[in-house]
Amino acid sequence: MIESDRELSAMVQELWDNDVNRLKPGKDYRISLQGKAGDSMAVNDNNDGAGYPLFTFVNENIFKKETFLAFISLLDNYESDTGEPEIVTPEEVAENHKFLDSIIQTPTMKIAHKYLVEKHLSPENETQFKEQLYRIWFELYARRGSSRPDSSGFEHVFVGETRGGRTVIGFHNWIQLYLQEKLGHIDYKGYSVNANSPKPDENKHILALQFSWKNGIKPKGSIFIGVSPEFEFALYTLCFLTSPNERVKVQFSFYDVEIVCHHYNQKHIGTTYPVLLRYQNP
């Protein structure tokens, strides 16, 4: 492991250890992996490896916690189809700020901030740090093929988008997945594995999967399950600012993971998500 990855791994382990709002598998939520997804890109195909929803139980009291509440309030602020310009209302801007205000007070975000200040990558002043986070995550930009600002890092990663109505892009967040599945907008089609990745485990926090959303298909997506919004926000911000590489290998808890983090114009997050490489032996 190269030295910069080792240092980042230590940081991610610290974020993980301090993620006080993380849910416990089997206790706070349960998922049902069922079968392996097929390779098909069709929405209504016979390759569905799962006849039932992914989530069998989530303790929704968790969603009353401040950061979860602020996070969930952002999920309905976006037009999912790329090419449709986003109209950001003053209320939505206020909700974005409220979310940043809530996560900036959490242990994970404080740890990330302190580290970024030490590395001269973020301002020490909290207000300026919030402005930096806003720019990275919430400032709009035009995604490929669009002439008008129709996307943001937050929308792509946490909410999900559709391209041409048929393909789901982004959408790497379990809370959005759970809420959309509950509304009947998600059809979970099974877990994904390739030659290099282990079969997922219902009691672990990373999952590669296939699903359809509205009328589009996500042939393969990878997400953390059960972690808090502030953990993901801290982790991805850290990777975005510390690593010019677009793939960073980190080891923490039970996991060897590659964090994929694509920049957009070096100023915004294009996409970011975890790829499970292997489980570490406990």
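Residues numbered from 1 in each chain as written. Predicted model: local features only at pLDDT ≥ 70, side-chain atom pairs only at ≥ 80, totals over all residues. Heavy atoms only, no water.

Undergrad: Where do I start with the pairing of strand β6 (residues 206–213) in this structure?
TA: Successive side chains on a regular strand alternate, one facing one side of the sheet and the next facing the other. Taken across its eight residues, β6 has eight buried, putting it largely inside the fold. Of the two faces of β6, the one lined by Ile206, Ala208, Gln210 and Ser212 and the one lined by Leu207, Leu209, Phe211 and Trp213 are each fully buried. Relative to β6, strand β5 (residues 186–191) runs antiparallel, the two being bridged by five bridges. Within β6, the residue paired with Tyr188 across the bridge is Phe211. Strand direction decides the pairing type here: β6 and strand β7 (residues 216–224), joined by seven bridges, are antiparallel. Paired with Ser212 across the two strands is Ile217, which belongs to β7. Hairpin connection, β6 to β7: the antiparallel pair is bridged by two residues, and Lys214 has positive phi, about 55 degrees. (Buried < 20%, exposed > 50% of the residue type's maximum accessible area, 1.4 Å probe, protein only. Helix = DSSP H or I, 4+ residues; strand = E, 2+ residues; numbered from the N terminus. Pairing = 2+ DSSP bridges.)

Undergrad: Can you help me understand the nonpolar core in this one?
TA: Grouped burial of nonpolar side chains is what soluble globular proteins tend to show. Phe99, Trp137, Phe154, Trp174 and Phe233 are the most contacted members of the largest nonpolar core, which has 76 residues in total. Sort the elements by how many residues they give to this core and helix α8 (residues 229–242) lands first, with nine residues. Residues in contact with Trp174, not counting those within four places in the same chain, are Leu23, Phe55, Val58, Phe63, Phe68, Ile223, Phe224, Ile225, Gly226, Val227 and Glu232. (Core = buried A, V, L, I, M, F, W, Y, C linked by side-chain atoms within 4.5 Å. Contact = heavy atoms within 4.5 Å.)

Undergrad: Before we go on, may I ask you to explain unusual backbone geometry in this structure?
TA: Both trends apply: most residues other than glycine have a negative phi, and most peptide bonds are in trans. The backbone phi angle of His120 is positive, close to 60 degrees, even though this residue is not glycine. Assignment of secondary structure puts His120 in the loop between α4 (107–118) and α5 (126–137). Here His120 falls in the exposed class, since its relative accessible area comes to 74%. One non-glycine residue, Phe171, lies in positive phi territory at about 65 degrees. Along the polypeptide, Phe171 turns up in the loop between β4 (167–169) and α7 (174–182).

Undergrad: Looking at this structure, how should I read the environment of Asn21?
TA: One can find Asn21 in the loop between α1 (3–17) and β1 (29–31). By relative accessible area, Asn21 is classed as buried at 15%. A C-alpha to C-alpha distance of 7.3 Å links Asn21 and Val227, two positions 206 residues apart in sequence. Excluding residues that lie within four positions of it along the chain, Asn21 makes contacts with Lys65, Thr67, Phe68, Ser228 and Glu230. A polar contact is formed between the side chain of Asn21 and the side chain of Lys65, at a distance of 3.2 Å. In this structure the side chain of Asn21 is engaged in a polar contact, spanning 2.8 Å, whose partner is the side chain of Glu230. (Polar contact = N/O pair within 3.5 Å; in protein donor to acceptor, adjacent residues only side chain to side chain.)

Undergrad: I'm lost on the packing of α5 against α8 in this one. Help?
TA: In helix packing, the relevant descriptors are the interaxial angle and the interaxial distance, both defined with respect to the helix axes. Where α5 meets α8, the axes come as close as 12 Å, and the angle between the chain directions of the two elements is 85 degrees. As judged from the angle between their axes, α5 and α8 are roughly perpendicular. Taking contact as the criterion, the partners of Gln132, Leu133, Ile136 and Trp137 in α5 are, on α8, Phe233, Tyr236, Thr237, Phe240 and Leu241. Here the contact of α5 with α8 is built from residues that sort into seven nonpolar, two polar and no charged. (Axes fitted to C-alpha atoms, helices over the stretch in contact; angles between N-to-C directions. Parallel < 35°, antiparallel > 145°, perpendicular 65-115°, else oblique. Nonpolar A, V, L, I, M, F, W, Y, C, P; charged D, E, K, R; others polar.)

Undergrad: What's the story with the state of the cysteines in this structure? I'm lost.
TA: Should the sulfur atoms of two cysteines be covalently bonded, the bond is a disulfide. Scanning the model with the defined rule gives zero disulfides in all. Considering cysteine sulfurs only, Cys261 is the nearest to Cys239, which forms no disulfide, with 6.3 Å between them. Cys239 gets classed as buried once you look at its relative accessible area, which sits at 1%. Here Cys261 falls in the buried class, since its relative accessible area comes to 1%. (Disulfide = S-S within 2.5 Å.)

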